[in-house]
Amino acid sequence: MRSWFIVCVSLAGLLWGCGGSEEASAQEPRQVVSAEATLQGVSVHDAPRFTERLPVAGDVAHYRVRVRVGAGEHDFITLHRVVREDRPWRPARTRRAVFMVHGDGWGFEAAFLSSVGSASVPADQSIAAFLAQEGVDVWGIDLRWVGVPAGTQDFSFMADWDLGTHVQDVGTGLRLARLGRRVTGSGGGAMHLLGWSRGAAVAYAYMSAEARLPRGLREVDGFIPVDMAVRFSPEHEQQRLWACGRHTVLKAARDAGRVEGGLLGPAPGITLQAIGALAATAPDAPSPLLPEDVFGPGTGKPTNRRAAIVSAAATGALLAPLKPIAPDYHLLAGVPDATGLPGSLAFTHEALLYEYAQRSAPYQSLNEVVETEAWACGLDTPYDDNLDDVKVPVLYVGAAGGVGIYGKHSVSLLGSQDTTFLMARTLPESLRVLDYGHADLFLANDARERVWTPLLQWVRAH
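Residues numbered from 1 in each chain as written. Predicted model: local features only at pLDDT ≥ 70, side-chain atom pairs only at ≥ 80, totals over all residues. Heavy atoms only, no water.

### A few points about a nonpolar patch on the surface
Right, so step 1: Residues L431, V433 and L434 make up a contiguous nonpolar surface patch of about 190 Å² in total accessible area.
Right, so step 2: As for its position among the elements, L431 is in the loop between β13 (419–424) and α12 (440–443). (Patch = residues over 30% accessible without salt bridge, like charges linked within 9 Å, V, L, I, M, F, W, Y side chains within 5 Å. Areas by Shrake-Rupley, 256 points an atom, 1.4 Å probe, with all protein chains shown as cover. Salt bridge = Lys/Arg side-chain N within 4 Å of Asp/Glu carboxyl O. Helix = DSSP H or I, 4+ residues; strand = E, 2+ residues; numbered from the N terminus.)

### Observations regarding the side chain of S208
Right, so step 1: Within the element layout of this structure, S208 appears in helix α5 (residues 198–210).
Right, so step 2: A polar atom in the side chain of S208 sits 3.5 Å from the backbone oxygen of Y383.
Right, so step 3: Once residues lying within four places of it in the same chain are set aside, the contact partners of S208 are Y383, D384, D385, N386, L387 and V390. (Polar contact = N/O pair within 3.5 Å; in protein donor to acceptor, adjacent residues only side chain to side chain. Contact = heavy atoms within 4.5 Å.)

### Some words on the packing of helix α8 (residues 304–313) against helix α9 (residues 350–358)
Right, so step 1: For the pair α8 and α9, the least separation of the axes is 11 Å and the interaxial angle reads 80 degrees. In terms of orientation, α8 and α9 fall into the roughly perpendicular class. Judged by residue contacts, R305, A308, I309 and A312 of α8 engage E350, L353 and Y354 from α9.
Right, so step 2: For the contact of α8 with α9, the per-class residue count stands at 5 nonpolar, no polar and 2 charged. (Axes fitted to C-alpha atoms, helices over the stretch in contact; angles between N-to-C directions. Parallel < 35°, antiparallel > 145°, perpendicular 65-115°, else oblique. Nonpolar A, V, L, I, M, F, W, Y, C, P; charged D, E, K, R; others polar.)

### Some thoughts on the packing of aromatic side chains
Right, so step 1: Across all of its chains, the model carries 16 aromatic pairs by this definition.
Right, so step 2: Between F112 and F442 the ring centres are 5.4 Å apart and the planes differ by 85 degrees, which places this aromatic pair in the edge-to-face class. Note that F112 is positioned in helix α2 (residues 108–112) and F442 in helix α12, a separation of 330 residues in sequence.
Right, so step 3: When its relative accessible area of 0% is taken as the criterion, F112 is described as buried.
Right, so step 4: The exposure class of F442 is buried, given its relative accessible area of 4%. (Phe/Tyr/Trp six-rings, centres within 6.5 Å; stacked < 30°, edge-to-face > 60°. Buried < 20%, exposed > 50% of the residue type's maximum accessible area, 1.4 Å probe, protein only.)

### Considering helix α6 (residues 237–255)
Right, so step 1: Look at α6: 27 Å from first C-alpha to last across 19 residues, which is about the 27 Å you get at 1.5 Å a residue.
Right, so step 2: Check the buried side of α6 and you find it contacts α10 (367–377).
Right, so step 3: A positive backbone phi angle near 110 degrees is found at G257, which sits one or two residues after α6. (Expected span 1.5 Å × (residues − 1).)

### Description of the environment of V249
Right, so step 1: Its place among the elements puts V249 in helix α6.
Right, so step 2: Note on V249: relative accessible area 37%, which makes it partly exposed.
Right, so step 3: For the pair V249 and L322, spaced 73 residues apart in the sequence, the C-alpha separation amounts to 8.7 Å.
Right, so step 4: Excluding its chain neighbours within four sequence positions, the residues that come into contact with V249 are L263 and L322.

### What to know about the state of the cysteines
Right, so step 1: A complete count under the given rule lists 1 disulfide for this structure.
Right, so step 2: Through a disulfide, C244 is tied to C377; the S-S separation comes to 1.9 Å. Negative torsions about the S-S bond denote left-handed disulfides, and the value of about 95 degrees found for C244 with C377 makes this one right-handed. Placement of C244 in helix α6 and of C377 in helix α10 is noted, with a sequence separation of 133 residues between them.
Right, so step 3: Residue classification places C244 among the buried residues on the basis of a relative accessible area of 15%.
Right, so step 4: Its relative accessible area of 6% is what places C377 among the buried residues. (Disulfide = S-S within 2.5 Å.)

### Re the environment of D293
Right, so step 1: For D293, the position within the fold is in the loop between α7 (268–281) and α8.
Right, so step 2: Excluding residues within four positions of it along the chain, D293 makes contact with G298, T299, G300 and K301.
Right, so step 3: Looking at D293, its side chain comes within polar contact range of the main-chain nitrogen of G300, at 2.6 Å.

### So, unusual backbone geometry
Right, so step 1: With a phi close to 50 degrees, D227 is a non-glycine residue in the positive phi region.
Right, so step 2: Given the relative accessible area of 0%, D227 is considered buried.
Right, so step 3: Even without being a glycine, D328 presents a positive backbone phi close to 60 degrees.
Right, so step 4: The topology assignment puts D328 in the loop between α8 and β10 (334–336).
Right, so step 5: Given a relative accessible area of 33%, D328 falls into the partly exposed group.

This is the structure:
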């Protein structure tokens, strides 16, 4: 009988200058910028004043600051900017800008800037660093739950956090980003919006809400949904039914009073951190997290390394009775061993996986997961009422072994006549079980050539 742990980790992996002065130090304590004024309008006095500057590679730096978005103790987002500099604390002027929204499990830095601080890959081997080196001004957000500290016991503050909350916070982040670009000499024009995984669902909902506004009040002029489906086509009816099954389970948990966690339980990030740490420090030791023969009769006690590889690369077969978002969906592509389970990774450096797991956020609010699954199930939601009024250029980026082709129908719901599809594929669709995974798009050794460069070319052309 497969363990709850394998199911949880496989799924949790999942689904899915305007700054300080030139003398300011990266070690300064974090400060808080009020975003209240941005909800009704902005002025130069509301521009984000970043309190942390972290060198990335070459002349690229990473700025960040916490922004209050509500009255509660945990009502904060973190705003990020990754950009080339003329000198420290002085961003270079740029023509193009992208605002990024992460998905489940990992915040902005782990999702889009994973190479910084890594001992296994060069510092510039991440999409945010790459785009910044190529002259794109990269902004992004940590949604509220990313900042909730480990050890939290009372999650009642999450009860009112939902997909609409994140849409509002993304809007706040976009307005601050445009203002920040304006006061640092790059103009205040609209930005491209990139959302990955459940972050793409947030971005779809944001685009639908923004479509109600006059053109002059819109923040986005290009949309990049990455490896996600918010609705399924009639030919993918099975996937819609799978979403309905996930929604039923999650809604029951929420109705029972749980407001934190994801598909199969609370605090999946804590488990991911543990499995990453064990694999990094004692790869050949027996895993204390998995029972004997969990991978089949006579297979014995799995090692920490094997637990990490299988958790990242195992497909939906390990998720029973729940089903994944797409057939044979996996986080990272694996290479099967004699048991038929993944024995190594196909595209991503193994040590980077261990680091990545350890950088997962401890907790996540449940409401937006429930609502996204309701949306994919075909239930009525308020988040897609105006998608046909979204007319901006669109680039869909899919992973052939992730959501892949199952995300194309969602793009067709938009009103855009300028749509482009970029699919990271190395094998026929019939072999998607072995192909590029959901997070290979950002972690794979060849992602720069296969994914980031064509994405950059699209941004430059739009």
